[in-house]
Protein chains: 2
Amino acid sequence: MGTAAGGDGGHLLCAAAAEHKVNLTAQRPFAEVLRAGLAETFFPDDPFRGFGSLPPAERAWGGLKYFVPALEWAPRYTLGKFKYDLLAGVTIASLAIPQGISYAKLANLPPIIGLYSSFVPPLLYAVFGSSNNLAVGTVAAASLLLASIVEAEVPREDNPELYLQIFYTAAFFTGVIQTALGVFRLGLIVDFLSRSTITGFMGGTAAIIILQQLKGMLGMKHFTSKTDIISVVRSIFLYRDEWRWQSAVLGVCFLLFLLLSKQLRKKKPNLFWVSAIAPFMVVIIGGIFAFLVKGNEHGIPIVGDLKKGINPLSISQLTFTDKHVNTAVKAGFLSGILALAEGIAVGRSLALIKNEQIDGNKEMIAFGIMNIAGSCTSCYLTTGPFSKSAVNFHAGCRTPMSNVVMSVCIMLVLLFLAPLFKYTPLVALSSIIVVAMIGLIKVKEFLHLYRVDKFDFCICMVAFVGVVFFTMVIGLGASIGLSVIRALLHVARPTTCKLGSMAGGEIFCDVRHYPHARNIPNVLVLQLGSPIYFVNAGYFRERILRWVEDEESASKADGQDLQYVILDLGGVSSIDNTGIGMLGEVHKSLDRKGITVALTNPRLEVTEKLVLSGFIRDKVGKEWVFLTVKDAITACRYGLQRSRGKQEDSEV
Amino acid sequence: MGTAAGGDGGHLLCAAAAEHKVNLTAQRPFAEVLRAGLAETFFPDDPFRGFGSLPPAERAWGGLKYFVPALEWAPRYTLGKFKYDLLAGVTIASLAIPQGISYAKLANLPPIIGLYSSFVPPLLYAVFGSSNNLAVGTVAAASLLLASIVEAEVPREDNPELYLQIFYTAAFFTGVIQTALGVFRLGLIVDFLSRSTITGFMGGTAAIIILQQLKGMLGMKHFTSKTDIISVVRSIFLYRDEWRWQSAVLGVCFLLFLLLSKQLRKKKPNLFWVSAIAPFMVVIIGGIFAFLVKGNEHGIPIVGDLKKGINPLSISQLTFTDKHVNTAVKAGFLSGILALAEGIAVGRSLALIKNEQIDGNKEMIAFGIMNIAGSCTSCYLTTGPFSKSAVNFHAGCRTPMSNVVMSVCIMLVLLFLAPLFKYTPLVALSSIIVVAMIGLIKVKEFLHLYRVDKFDFCICMVAFVGVVFFTMVIGLGASIGLSVIRALLHVARPTTCKLGSMAGGEIFCDVRHYPHARNIPNVLVLQLGSPIYFVNAGYFRERILRWVEDEESASKADGQDLQYVILDLGGVSSIDNTGIGMLGEVHKSLDRKGITVALTNPRLEVTEKLVLSGFIRDKVGKEWVFLTVKDAITACRYGLQRSRGKQEDSEV
C-alpha cells in the first residue's frame, strides 16, 4: 500500500509519509488520565509548576507567596515605586469619596457606608490580591442589583436597620461564595458570563442607573423602588410637582463640567488627572455652593449628616434567621458573581497592557477575603470597579500599595473630614454617576457584535432589553440561559464537511470554503468536528448517512460508484460511549451498502477509547486507520485498482 | 516564500502546495448562514430533499406520505407479506395479554386497562408510525415511574377512580408533549438521554421491579408504595405473616419454565417462538390450575373479575383541575420522554439490522397521536417496548400490519374471552415480569463501560444507584445532570496539544501521541480543538500562554529562542465574539514577547468571523494565515533566515 502510485496530480507519493501509521498502542493508565483531566479542569494555569525540584522549605515559602502575593512584592518594594503609588493612591482616593457616597445612595444605604467600604477592603486586597492595577471599591451595577433584590423583600422604608443588616449579610455570603469558588478552583463558573452578556448587562444597567439619577437631578423626594424604565418614567411624571429647577440647573452645570473634563482627557491623555479629580472638584464646589446659598432650603437637597470616626464593627449585625437568610444568599450570590466577573475582567485587561498575569482563582480568594472582612466592619459589597482601576492605572500605580494609600486617605477623611461632606448636594452625586455610566453604554460594541455575530448580538440585546424593561436578574438570567443553550447547540449540532482535493492531492479542504477543490472519484472524505458524544451522536449519524446518500446519487449521475468513506477525526477532541456506538452503527449501515469506512488522524483521547472499545479491531480494522487523508486515499485507490483488475480478469 | 528551501528532512518544498492560500473572501450572506443553521438544527435529516423538482400535486402527495407512512406501504401490500405479519401479529398478541395485565398491575391499575392499551394505540401506530418492526404496548419502567409519581400525590387506596383519571390525563399530556416535540423538531431533547444513562436507569428500574414482584411471588396482600430497595425489603419482613408457600412454589415453577424457554431460544434461535408464547402458556396453565384447585382459597391470589367488552370512552374522565393537573403534567412529561427514548432507540436498533431508516421526529408524532387517542379510550401510556418489538422482529414481521393483527386479536379477547383470564394467578404475572426484567440488568455493558470510559460508568452507576436506593426520578435526574455537566466540561476544557514534525516535515502530530515526533526549532505548533467561545475562552488563553511559557523555558535550555507560535485551527468548528477577543489578547501578549503568531487552516465559519471582526486584517496580518502547518513553518523558517541574515550583516 505504501508503494502504490496513485495521484492524478502527477505527484510521486512520499513513501515515508504513507508508512507512518496511527499509533494505536499509546494507552495512558487510568490514574494518569484522571489526574491529567482533573489538573486541566481545575488547574489550567498549573500554579505550582516548577516547585517539584525545590527543597521543602523553599517549596513552603513559594506556596505561601502564592497565597499571599504581598510577600512577593513587598520585600522588593522601593521608594521609587512608592512615589508612583502615592500619586496614584491619592488620585483614586479623590475619586473614591464621591463614588463611595454616590453608590451608597444608589443602594439606598447611608452615604457613610460607601466611605467605610473604601477603607477596610482595599487594605486586604493589597495583601491578598494579585493584580497591580486594580483599585478596590463599590460598584454601581452591583449596588443597584443588591438594592433591587433586598428592597423587594425588606423595603428600606419599613425597617432601615434590617435593610442594612441584610446588606452586611449579603456581603458576608458573597465573600464565602467567592472564597469557596477560588479554593475549589471553580473559576469556570465566571466563564459562563460571556462578553456579550456582560456588554449588554452593563449597558442596560448603566441606562437604568442614569434614569434613576433623574430623581437627584430634579431634586425629587419620592421615587419608585423599581428599576425598569416604565416604572421610573411613570414615577417621574407622577411626582412632577416635586421637580426643582434649582437642582436641575446646578445638575446641568456639573454635567457639562464633567463631560468637558472627559473630552479633555480624550484629546490630551496627559491631562487624565483633570478628569480623575473632576468628580472630587464637583463635590467640593457643590458643597461650598450649597453651604453658601443654604441649598437645602432652596430646592437643592444635600447628603445630610455624616458621622465622624472609622468603621464600627458590624459582626453582630449579620443576620442568619430563616426568614431573611434566603434573600441574603440570593443577593450575595448574584452580586458576588457579577462583582467577580467585573473585577477579574478589569484586572485581566489592565494586566494585559503591562503584560502581567492574573490568576483568576487567586483573585477570587482575595475578593472573598475582603468581602468577609468587609461584612464584619460595616462595608457592603466591594470589587475592582473599572473606572477607579483605570484611573489607578493611568496615574501610574506600580503595586497594590496604591490601595493602601487610598485606604489611609479615606481613614483620614473618616477621622477628621467626614462631617464636611454633609453639604454635598445630591445633584452633584447624580451628575457624577451619570457621567460615569454614559461610558458603559457601548454603542460601538453593539454594532460590532451585530456585524460579526448575530447570535452574540441577540444575547447582548436580551440582557440589555431585559434589564431596561424588566429587572436586572431577569435580564442577566435570560442572557446567560441563551448563552448556555447556544453552547449546548454548538455541541449538539457540530459542523461536518466534505473535503475535496487541492494542490494535486496534497491538501484536502472543505468544498464549500474552497469551491475549486476537486471531487475524489469513488471516495467521500468527511471532516467531523467537536467532541462526539451522547448529545450529538444521533445528529452525527443522520448527517453522515445523508452525506453518503447525497454523494451516492451524485456519483450515480456521473456513472460512478461510491466505495469508500473516509472519516477525518483530526478535529474530534473526545468521544464517549454513545459516540462509539454511533460510529459502530454508521459502520454497519455503510458496510451493508458495500462501502468501506476508513478513519484518519484520531487524536490521543479518541484513539485510546476506540482501541479499548474494540471498535478498531472488530469493526474498521487496523489497516483502515491512517494518519493522513492522503494515505487513506492512496489505500482506497489501491483497493479500487485491485477490484477493477479482478473484475477485468473475471470478464476475460 | 513559496520558493524558500528549508526543511531539515531534506525534502524539496512543494511549491504548488505553499501557494495555496486560505480563502479569506468566502463570506456567506447572513440569511444563508441563518437558514443553514436552522436547517441543520431542526432538519438534520432534510426530509423533503428532492421535492423541489416535482410538480405540485406530487409534492403534496409526497408530503402526505411523509406524515402518514401507511400511505407509503399500504398500496404495495401483498398477501405474501400478510402471511408473515399475521404470524408475527398473533405471536405478539399472545405476549401482549400477559404483559398488558402484568404492567397494569405494576402501575396499580385494574388489569383490564392493560388489555385496553394493547387495542387502540397499535392501530394508530400502524397508520402513523415509520418503523416496520416496532410492536406497540405498555412498558414496565414507565408504568412503575407513573405509579410512583401519581401514588405520591393521590394514593390509590384513597381514591381509585381519581388515581385512574390522573393516569389518563398523564397519557394525554404525554401525547401532547410528544406531538409538540415532533412538530417543532425538538428530537434533540431525547439526545440528552445518553446511552449510559439509559443503561443505568433501565438496570436500576429492572432491579426494583424484580424486588416489587416479591409481593406477588410470596402471595402478599400488603406492600409499600415506595420503590427503593430499603422500603421494599423492610415491607417484606414487616408483613412476613402474609407469606404463602403455595404462591412461592408455583412462582418458582413458572420462573424455571420461563428461564428454560429463554435458554432454549439462546441455544436454538429457530425456536424463538417457544419463548415468545411461554408467558401466554404460563397464564393459561396457571389459570387452569388456579381454577381447578380453587387457588384463591388456598394462598394463590388471582387477578379477579375482568369485564367483557372493548374500550369505553374516557374523554370525560380527563381531569384538568388545578390541584391534579401539575401531577399529571409532571408524570406525563417524565414518562413521555422515557417512553420516547425507549421507543426510538428500539425502533432504530431494529431498523439498523434490516438497514432501514427511522425518522425520530416522525416517530414522536406517531407516539404522540397514539397516546392522545389512547387517553380518550381508557388506555394509559404506550410506546414500543423492547421485548415485544424484538419478538415481532424475530417472528418475521414485514410492515406495521402486524400491529393491526395484534390489535384485532386483543379486540377478540376483549369481546369474548376476557372473563376467562379472571383465574390468572398473580404469581404467574410476577414470574413473567421477573424474567422479562432480568435481561435488562446488563452486567456486561456495565463492565464494558468501566473498561472504556470511567466517566460514562459513573453516569451509568449514578442512575442505577439513584433508582435502586432513592427514587426513579432522582436516579434519572442526577444521571442526566451529570451528563450535561460533562458535556459542558468537555466544552469548557477542550484539548490543546503541541504538534511535532514527522515524516521529514510532511506530517505534524501530537507529541504525546507520537513520542518520536520531532520538535521544530524556534517554532511552537499548537493544535486547538472544539468550538472556541465564552465558556472556554479563558481556559484557552491560560493554556496557550502556559504552552508558550513551557516552550520558552525548554528553548532556553537548548540555547534557542521561541520566535513563532502557529495555531492550528483545523479542529475549531466555530468561534464567538468572546473567543475572538481571547485570540486578540493572546496575540497581544505574544506580540509583546516578540513572538509572531500564525494561523493555519481556519474552517469556513471561523474564517468568516475572523475576517469580519478585523482580527486577521488588524492583528495577525493576512500573510500569516496559511492553509497547512507545513506552509506556515516554511514561512517561519524563511523569516528566521532573514532575521539571522540581518543579524550577521549588522555584526559584520
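Residues numbered from 1 in each chain as written. Chains lettered and ligands numbered in written order. Predicted model: local features only at pLDDT ≥ 70, side-chain atom pairs only at ≥ 80, totals over all residues. Heavy atoms only, no water.

Under an unreviewed UniProt entry, the name given to chain A is STAS domain-containing protein, and the organism recorded is Panicum virgatum. Database annotation for chain A, UniProt heading Subcellular location (unreviewed entry): "Membrane". (UniProt positions renumbered as here; feature names shortened; annotations may be inferred.)

Engineer: Looking at this structure, how should I read the pairing of strand S2 (residues 507–510) of chain A?
Structural biologist: Both faces of the sheet carry side chains from a regular strand, because those side chains alternate between them. All names here are of chain A. By the bridge criterion, four bridges tie strand S1 (residues 496–502) to S2 in an arrangement that is antiparallel. Residue Leu-499 lies in a different strand from S2, and its bridge partner there is Asp-510. Two successive antiparallel strands, S1 and S2, enclose a turn made up of four residues, where Ala-503 displays a positive phi of approximately 55°. (Pairing = 2+ DSSP bridges. Helix = DSSP H or I, 4+ residues; strand = E, 2+ residues; numbered from the N terminus.)

Engineer: I keep staring at the pattern of salt bridges and nothing clicks. Help me out?
Structural biologist: When their charged atoms lie close together, side chains carrying opposite charge are able to pair. Tallied over the full model, the rule gives 20 salt bridges over all chains. Of the charged contacts in the structure, one is a salt bridge between A:Asp618 and A:Arg617, with a shortest N-O distance of 3.0 Å. A:Arg617 carries the same exposure label as A:Asp618, and that label is exposed. Overlapping salt bridges bring together A:Asp510, A:Arg512 and B:Glu605 as one network. (Salt bridge = Lys/Arg side-chain N within 4 Å of Asp/Glu carboxyl O. Buried < 20%, exposed > 50% of the residue type's maximum accessible area, 1.4 Å probe, protein only.)

Engineer: So what exactly am I meant to see when it comes to the nonpolar core here?
Structural biologist: Considering soluble globular proteins, one finds that nonpolar side chains tend to be buried as a cluster. Ranked by internal contacts, the top residues of the largest apolar core, which has 106 residues, are A:Leu109, A:Ile112, A:Ile113, A:Phe167, A:Phe201 and A:Tyr380. The element that contributes the greatest number of residues to this core is helix H15 (residues 322–354) of chain A, accounting for eleven residues. Among residues more than four places away in sequence, those in contact with A:Phe167 are A:Ala107, A:Leu109, A:Leu146, A:Ala147, A:Val150 and A:Tyr380. Counting residues in each nonpolar core, the second largest holds 105 residues, with B:Ile92, B:Leu318, B:Ile337 and B:Met406 among its members. (Core = buried A, V, L, I, M, F, W, Y, C linked by side-chain atoms within 4.5 Å. Contact = heavy atoms within 4.5 Å.)

Engineer: Whenever I open this one, the interface of chain B and chain A confuses me. Can you help?
Structural biologist: By a frequent convention, interface size equals the accessible area lost on bringing the separate parts together. Each partner contributes residues to the interface: chain B has 102 residues there, and chain A has 102 residues. For the pairing of chain B and chain A, the buried interface totals around 9100 Å² over both sides, and the portion due to carbon and sulfur atoms is 56%. Broken down residue by residue, the surface that chain B buries against chain A is led by B:His513, B:Phe534 and B:Asn577, which jointly contribute 8%. Scanning the region where chain B abuts chain A turns up four salt bridges. Ionic pairing is found between B:Arg512 and A:Glu605, a salt bridge with its closest N-O pair at 3.6 Å. (Buried area = accessible area lost by both parts, 1.4 Å probe.)

Engineer: Before we go on, may I ask you to explain the sheet that holds strand S4 (residues 564–571) of chain A in this structure?
Structural biologist: Strand pairing within a sheet occurs via backbone hydrogen bonds; the two strands may be parallel or antiparallel. Read from one edge of the open sheet, six strands run S2-S1-S3-S4-S5-S6 (chain A), paired in mixed fashion. Looking at which strands have only one partner, the edges of the open sheet turn out to be S2 and strand S6 (625–626) of chain A.

Engineer: Explanation requested: the relation of the copies chain B and chain A in the structure shown.
Structural biologist: The pair of chain copies shares a relation made of a rotation about an axis and a shift along it. Superposition of chain B onto chain A requires a rotation of 180° combined with a translation of 0.1 Å along the rotation axis, giving an RMSD of 0.1 Å. Viewed as a symmetry operation, the transformation between the two copies matches a two-fold axis. Taking C-alpha positions as the reference, the residue of chain B nearest the rotation axis is B:Gly571, at 1.9 Å. A shared binding surface is used by both copies, with 100% of the interface residues of chain B retained as interface residues in chain A. (Least-squares fit on C-alpha atoms with pLDDT ≥ 70 in both.)

Engineer: What exactly am I supposed to notice about the packing of helix H11 (residues 195–217) of chain A against helix H22 (residues 472–492) of chain A here?
Structural biologist: Angle between the axes and distance between the axes: these two values describe a pair of packed helices. Residues and elements named next belong to chain A. Running from amino to carboxyl end, H11 crosses H22 at an angle of 165°, the nearest separation of the two axes being 10 Å. In terms of their interaxial angle, H11 and H22 are classed as roughly antiparallel. Considering only the axes of H11 and H22, their crossing is right-handed. Together, Thr-197, Phe-201, Thr-205 and Ile-208 of H11 and Met-472, Leu-476, Ser-479, Ile-480 and Ser-483 of H22 make up the contact between the two elements. A breakdown of the residues in the contact of H11 with H22 according to their chemical character gives five nonpolar, four polar and no charged. (Axes fitted to C-alpha atoms, helices over the stretch in contact; angles between N-to-C directions. Parallel < 35°, antiparallel > 145°, perpendicular 65-115°, else oblique. Left-handed = near helix turned anticlockwise from the far one by under 90°. Nonpolar A, V, L, I, M, F, W, Y, C, P; charged D, E, K, R; others polar.)

Engineer: Where do I start with the confidence of the model for chain A in this structure?
Structural biologist: In low-pLDDT segments, the atomic positions of the prediction should not be examined closely. All names here are of chain A. Averaged over all residues, the pLDDT of chain A equals 84, while 94% of them reach at least 70. Counted against residues more than four places away or in other chains, residues 1–18, with its pLDDT under 50, gives 30 contacts. Scored as a complex, the prediction yields pTM 0.71 and ipTM 0.73. (pLDDT = per-residue confidence, 0-100.)

Engineer: Teacher, can you tell me more about the pairing of strand S1 (residues 496–502) of chain B here?
Structural biologist: All names here are of chain B. Counting buried residues along S1, seven of its seven residues qualify, which places the element largely inside the surrounding structure. Side chains Thr-496, Lys-498, Gly-500 and Met-502 project from S1 onto one buried face, and the interleaved Cys-497, Leu-499 and Ser-501 project onto a second face that is buried too. Bridging between S1 and strand S3 (residues 523–529) involves four bridges; their strand directions are antiparallel. Note that in S3 the partner of Leu-499 across the bridge is Val-525.

Engineer: Explain the packing of helix H23 (residues 534–557) of chain B against helix H24 (residues 577–592) of chain B here, please?
Structural biologist: Residue and element names in this part refer to chain B. It is at 8 Å that the axes of H23 and H24 come closest, and there the two elements cross at 20°. Considering their axes alone, H23 and H24 lie roughly parallel with respect to each other. For the crossing formed where H23 meets H24, the hand is right-handed. On the side of H23, the interface is formed by Phe-534, Ala-537, Phe-540, Arg-541, Ile-544, Leu-545 and Val-548, while H24 contributes Thr-578, Gly-579, Met-582, Glu-585, Val-586, Ser-589 and Leu-590. Classifying every residue of the contact of H23 with H24 gives nine nonpolar, three polar and two charged.

Engineer: Would you mind showing me how to read helix H9 (residues 160–183) of chain A here?
Structural biologist: Quick reminder: α-helices carry 3.6 residues per turn. Residues three or four places apart thus point the same way. Residue and element names in this part refer to chain A. Taking 1.5 Å of rise per residue, the 24 residues of H9 would be expected to cover 34 Å, and the 35 Å separating its terminal C-alpha atoms lies within 8% of that figure. Among the 24 residues of H9, 18 are classified as buried, and the element is accordingly described as predominantly covered. Positive phi appears at Arg-185, one or two residues downstream of H9, with a value of about 55°. (Expected span 1.5 Å × (residues − 1).)

Engineer: Honestly, the packing of aromatic side chains in this entry has me stumped. Any pointers?
Structural biologist: Evaluation of the coordinates by the stated rule reveals 30 aromatic pairs over all chains. Judged by centre distance (5.9 Å) and plane angle (75°), the rings of A:Phe167 and A:Tyr380 are edge-to-face. Of this pair, A:Phe167 sits in helix H9 while A:Tyr380 sits in the loop between helix H16 (360–376) and helix H17 (386–394), and the two are 213 residues apart along the sequence. For the ring pair A:Trp624 and A:Phe626, a centre distance of 6.0 Å and an interplane angle of 75° mean the geometry is edge-to-face. A:Trp624 sits in the buried class, given a relative accessible area of 17%. Given the relative accessible area of 2%, A:Phe626 is considered buried. Of the aromatic side chains, those joined through ring pairs into one cluster are A:Tyr163, A:Phe167 and A:Tyr380. A cation over a ring is seen here: B:Lys454 above B:Tyr450, with NZ or CZ 4.7 Å from the ring centre. (Phe/Tyr/Trp six-rings, centres within 6.5 Å; stacked < 30°, edge-to-face > 60°. Lys NZ or Arg CZ within 6 Å of the ring centre and 35° of its normal.)

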